[in-house]
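Below, each chain spelled out in residue letters.
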Amino acid sequence: MTTMKAATVIDYIVQRIADEGVEHCFGVPGDYAFPVGDAVDRNPNIKWIGCSNELNASYAADGYARARGAAMLSTTYAVGELSAINGVMGAKAERSLVFHVVGMPSYQNQRLRKTMHHTLGDGIFDKFIDISAQAACSHAVINPDNCMIEMERVIADARRNSQPAYIVVPSDYAQAPVTPTEVLPLTPASNEASLKKAVAAIAERIKNAKSVVVLPAFTLSRVGLQKEAREAIEALACPFATTSMEKCIIDESHPQFAGMYSGALSTNDTRQIVENAELVLDLGGVSLNDETTMGFSTQLDPARLISIGLNDVRVGEQIFGNVRLADTLAALAKLKSGAPRYNRTPKDNPSINGQPSDKITMEALYPRYAKFIQSGDNVVLETGSSSFGVPPLTLPDDVQVQIQMLWGSIGWATGAAFGVALADPKRKTILITGEGSHQLTANEIGNMGRYSANPIILCLNNDGYMVERALEPNPDWSYNDLAKWRYADLPHALGCTDWFTARVETLGELDVALKAARESKAGAYIEVIGGRMDMPKGLAFGHTRLKELYGEAI
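Residues numbered from 1 in each chain as written. Predicted model: local features only at pLDDT ≥ 70, side-chain atom pairs only at ≥ 80, totals over all residues. Heavy atoms only, no water.

1. Some thoughts on the overall build of the chain
Broken down by element type, the chain carries 23 helices and 19 strands. On C-alpha atoms alone, the chain measures out to a radius of gyration of 24 Å, which is about the 24 Å that the 2.2 N^0.38 rule sets for 554 residues. Seen through its C-alpha atoms, the chain measures out along the principal axes to roughly 65 × 60 × 55 Å. Here the chain holds 554 residues, and the buried ones make up 59% of them. (Helix = DSSP H or I, 4+ residues; strand = E, 2+ residues; numbered from the N terminus. Rg over C-alpha atoms; globule rule 2.2 N^0.38 Å. Buried < 20%, exposed > 50% of the residue type's maximum accessible area, 1.4 Å probe, protein only.)

Next up, the structure:
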């Protein structure tokens, strides 16, 4: 195909990203990236979203990509892209497709080796490309002649891997006319012979297994295959369990849902179903990391595991390459298991306890959060006490939960909640965070108000870095202390004058504030005062697994 015949290079890049379903571009302006911002501003299909800094913008793009399937991030050369790289790397680790577009100094000045700002003053301009490219699965330096071909390549690679693409364009090339080229979008497809062999190998193992369990992976939500995974699970009639990274990836009311699998902190029933199964089907590449396994307390026999990745299938020592996940799921939905259909026994959440005058404890707080969350909500959980407190509780159907459990960059959730809210405005976005993480990125609240994102923010103030206190023998080191912010004052100070805000110390105050937050037509912010060493069960358990997490002292 040939599109946009008279377009400049940067107009073509921006429109091609918009074609992928992206309607917002997160970023911070910079002079080398002026052409990028100009192209976004004049394109009716995509809107510029200015962020307080590049790291926040990268977190917001990650959240947006999780909710929308892809996102765009714009930063300037060197100082901007390097500030964003942590957030982009997290998107790579957790399979979020972010198109990171960077404007760099003009080709003319590069050729002349001029001493330019944002450089090391040595006339070398390409050294940062190697750094930023490590945060992407594919990258390209764009010029007028390669623009159309390279855009199709990096888009296809990003879609195939559901990871970021890094697109660099010198500022003069950006404004030059694109060279028209006949190109076709590259659609990744399975090798039919390899797919057939993979399905046959899976079917043989299923037929011979007396018990099967499925672990649907977080990647399913990144590539929009939750429905297909559910259909495969229903065809197999077997139970499925999720780790905290897959919270609510399939509705938890589903009769085949066997609970959250978290090693030693799983319920006995869930742990027996998963660890005693003769066959464990990993749909998408589940991450059994130190946090999802509660300090590597799981007992899974690798010989019983079949891993169905985004692009390949592993059955024992056999690898079937060039096999797409969507095609494998479609084939699984046609298979039958000889095992009896599993039907769960529903378990209720802990009851709402405590008197209105009682101080807020984690035991009383998280069941209230579970009750507060409604069908149709987007919930963003910060790594730390929030990501251990909420996942064990059952949430309503049609709730989407986002956690950065593997990369675990504190501060991510505040920026990501901004991106989620803009990507999916029909849902209410609820951010549940702790103050330590929140202090890194709280300045993004101003842009939440500026662009009418209107989330509900629940910030736990428990006098320091709770997760750090939990993960070391001595919780009282001074470096775990924080500046004592007046968190409930933040929204108004940052321009969100119509938001509901509250600071709550008792359960009665919390209950009243939660009701008001849900009723607020604008955003809402509740500062929740908790105990300094009062932590969720999962985090308290982590404190007992320090040797398994970090090894013996030398």
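2. Looking at the packing of aromatic side chains
One pass over the structure, following the stated rule, counts ten aromatic pairs. Judged by centre distance (5.5 Å) and plane angle (70°), the ring pair of Tyr77 and Phe128 falls under edge-to-face. One end of the pair, Tyr77, is in the loop between strand S3 (71-76) and helix H4 (79-93); the other, Phe128, is in helix H6 (residues 127-133), and 51 residues separate them in sequence. As far as burial versus exposure is concerned, Tyr77 and Phe128 are alike and both buried. (Phe/Tyr/Trp six-rings, centres within 6.5 Å; stacked < 30°, edge-to-face > 60°.)

3. Concerning the environment of Ala516
By secondary structure assignment, the location of Ala516 is in helix H21 (residues 507-519). As for Ala516 and Phe500, which are separated by 16 residues in sequence, their C-alpha atoms are 7.5 Å apart.

4. Focus on the pattern of salt bridges
Evaluated as defined, the whole model comprises 34 salt bridges. Across the pair Arg153 and Glu150 runs a salt bridge whose closest N-O atoms are separated by 2.8 Å. Remark: Glu150 and Arg153 occur in helix H7 (residues 147-161); sequence separation between them is three residues, near one turn of the helix. Exposure remark for Arg153: the relative accessible area of 29% places this residue in the partly exposed category. A cluster of three or more residues bridged by salt bridges with shared partners is formed by Asp463, Arg469, Asp476, Asp481, Lys484 and Arg532. (Salt bridge = Lys/Arg side-chain N within 4 Å of Asp/Glu carboxyl O.)

5. Some details on the nonpolar core
Ile13, Phe26, Met72 and Phe418 are the most contacted members of the largest nonpolar core, which totals 75 residues. Tallying contributions element by element places helix H16 (residues 412-423) first for this core, with nine residues. For Met72, the contacting residues outside a window of four places in its chain are Val14, Ile17, Val22, His24, Cys25, Phe26, Val36, Val40, Ile46, Ala61, Phe99 and Val101. In this structure, Cys248, Phe388, Leu514 and Leu539 belong to the second largest nonpolar core, which totals 44 residues. (Core = buried A, V, L, I, M, F, W, Y, C linked by side-chain atoms within 4.5 Å. Contact = heavy atoms within 4.5 Å.)

6. Brief notes about the sheet that holds S3
Across the sheet, which stays open at both edges, the six strands sit in the order S2-S1-S3-S4-S6-S5 with parallel pairing between neighbours. At either end of the open sheet lies a strand with only one pairing partner, and these are strand S2 (47-50) and strand S5 (138-141). If you compare each strand with its neighbour and ignore which way they point, the axes differ by 20° on average. The sheet contact formed by S5 and strand S6 (residues 165-170) spans four bridges and is parallel. Paired with Ala140 across the strands is Ile167, a residue of S6. Strands strand S1 (24-27), S2, S3 and strand S4 (98-104) of the sheet are contacted by helix H2 (residues 34-42), whose axis makes an angle of about 130° with S2. Its contacts with the sheet place H16 against S1 and S2, and it is angled at close to 165° to S1. (Pairing = 2+ DSSP bridges. Axes fitted to C-alpha atoms, helices over the stretch in contact; angles between N-to-C directions.)

7. Topic: the packing of helix H14 (residues 362-372) against H21
Following both chains from N to C, one finds H14 and H21 inclined at 20°, their axes separated by 12 Å at the closest point. When the interaxial angle is binned, H14 and H21 end up roughly parallel. Along this stretch, H14 crosses H21, giving a crossing that reads as right-handed. Contacts between H14 and H21 involve Ala364, Leu365, Arg368 and Phe372 on the former and, on the latter, Leu507, Leu510, Asp511, Leu514 and Arg518. (Parallel < 35°, antiparallel > 145°, perpendicular 65-115°, else oblique. Left-handed = near helix turned anticlockwise from the far one by under 90°.)

8. Considerations on the pairing of strand S10 (residues 279-283)
Most of S10 sits inside the fold, with five of its five residues counted as buried. Here S10 shows a buried face lined by Leu279, Leu281 and Leu283 and a second buried face lined by Val280 and Asp282. Pairing geometry for strand S7 (residues 212-216) and S10, over five bridges, is parallel. Opposite Val212, over in S10, you have Leu279 as the bridge partner. In terms of strand pairing, S10 meets strand S11 (residues 305-308) through four bridges, oriented parallel. Along S11, the bridge assignment pairs Leu283 with Ile308.

9. Overview of the pairing of strand S13 (residues 318-321)
Where strand S12 (residues 312-315) meets S13, four bridges bridge the pair, whose relative direction is antiparallel. Each residue of the ladder has a partner; that of Val315, found in S13, is Gln318. What sits between the antiparallel neighbours S12 and S13 is a turn of two residues, in which Gly316 has the positive phi angle 60°.

10. Side note on unusual backbone geometry
Even without being a glycine, Phe296 presents a positive backbone phi close to 55°. Tracing the backbone through its elements, the reader meets Phe296 in the loop between S10 and S11. For Asn454, which is not glycine, the phi dihedral falls at a positive 55°. Inspection of the secondary structure assignment puts Asn454 in the loop between helix H18 (445-450) and strand S17 (456-461).

11. Points about the sheet that holds strand S15 (residues 400-403)
The strand order S15-S14-S16-S17-S19-S18 describes an open sheet built from six strands, whose pairing is parallel. Looking at strand neighbours, the two that pair on one side only are S15 and strand S18 (500-504), the edges of this open sheet. Ignoring strand direction, the axes of neighbouring strands in this sheet form an average angle of 15°. Where S18 and strand S19 (residues 524-529) come together, five bridges link them in parallel fashion. Looking at the pairing, Ala502 lines up with Ile526 of S19. With respect to the sheet, H21 is in contact with strand S16 (429-434), S17, S18 and S19, its orientation differing from that of S18 by roughly 165°.

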